[in-house]
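A structural walkthrough
This is what each chain is made of:
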Amino acid sequence: SVNEYENRPIVLVGLMGAGKSSIGRRLATQLGLPFKDADTEIEAASNLSVSEFFNLHGEAAFREGERKVIARLLKEPRHVLATGGGAFMDPRTRALISKKGCSIWLRAELDVIYKRCMKRNNRPLLKTGNPKTILKNLMEARYPVYAEADITVDSGDGPHEIVVDKIIAAL
Ligand code: S3P
């Protein structure tokens, strides 16, 4: 029913640097809901940073841990959940999010993403080559899949308040 859908966790998906965590935190405050961050939960559960986890266990193990964390969070009462940029790309994780959540793709242009990622380059996937080229390739591979989210909102270069208002209007 519509009511069931309205009670679902709001799950933010999209590329790293799209603003999932910072916009998600503001959105949660505005809606009076708890805010959860999948990357932070993985870090807490493993006692490793995301980079350390990738180095130590590899990406496949990270995706598995990420799926378990997201499966657990999706059982919790309604909240705003920021996921890591690769979460929605994993078919099993995507199926979970589609079944239990209301997914929102925060879409942004390459230059915005690049600028935001360079402010604090702690992303393991950007350390393996030229970051802008990597981001461009990730965009091409991922945007058609992110587009499967329930709602798409443009996350421009402007103030986060505006993006939050756009999400609330779209919910
Ligand atoms: C990843 C994005 C990161 C983090 C990991 C992998 C990805 O999360 O989960 O580095 O595959 O795009 P953010 O999107 O929060 O940076």
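Bear in mind that the values here come from a model prediction, so they are computed numbers and not experimental data.

Describing unusual backbone geometry
Here Asn-47, not a glycine, exhibits a phi torsion of approximately 60°, which is positive. The residue Asn-47 is located in the loop between helix H3 (38-46) and helix H4 (50-57) in this model. Assessed through the 8 C-beta atoms surrounding it within 10 Å, Asn-47 is described here as exposed.

With respect to the pairing of strand E1 (residues 10-13)
Burial of E1 is two-sided: the residues Ile-10 and Leu-12 facing one way and the residues Val-11 and Val-13 facing the other way are all buried. Looking at chain direction, E1 and strand E3 (residues 80-82) are connected through three bridges and run parallel. When the sheet's bridge partners are listed, Ile-10 is paired in E3 with Val-80. Across four bridges, E1 lies against strand E4 (residues 102-107) in parallel orientation. Along E4, the bridge assignment pairs Val-11 with Ser-103.

So, the site of the ligand
For the ligand, the full set of nearby residues is Met-16, Lys-20, Asp-39, Val-50, Gly-84, Gly-85, Gly-86, Arg-123, Pro-124 and Leu-125. Across the shell around the ligand, the residue classes break down as four nonpolar, three polar and three charged.

Some details on the UniProt feature "binding site: substrate" (unreviewed entry) in the protein
Mapped onto the present numbering, the UniProt feature "binding site: substrate" (unreviewed entry) falls at Asp-39, Arg-63, Gly-85 and Arg-142. With respect to the helices, strands and loops of the structure, Arg-63 is situated in helix H5 (residues 59-73). Arg-63 sits in the partly exposed class, given 17 other C-beta atoms within 10 Å. Excluding residues that lie within four positions of it along the chain, Arg-63 makes contacts with Gly-86 and Asp-90. Topologically, Arg-142 is positioned in helix H8 (residues 131-146).

Parameters at a glance
Residues numbered from 1 in each chain as written. Predicted model: local features only at pLDDT ≥ 70, side-chain atom pairs only at ≥ 80, totals over all residues. Helix = DSSP H or I, 4+ residues; strand = E, 2+ residues; numbered from the N terminus. Buried ≥ 20, exposed ≤ 12 C-beta atoms within 10 Å, placed from the backbone. Pairing = 2+ DSSP bridges. Near = placed C-beta within 6 Å. Nonpolar A, V, L, I, M, F, W, Y, C, P; charged D, E, K, R; others polar. UniProt positions renumbered as here; feature names shortened; annotations may be inferred. Contact = placed C-beta atoms within 7 Å.

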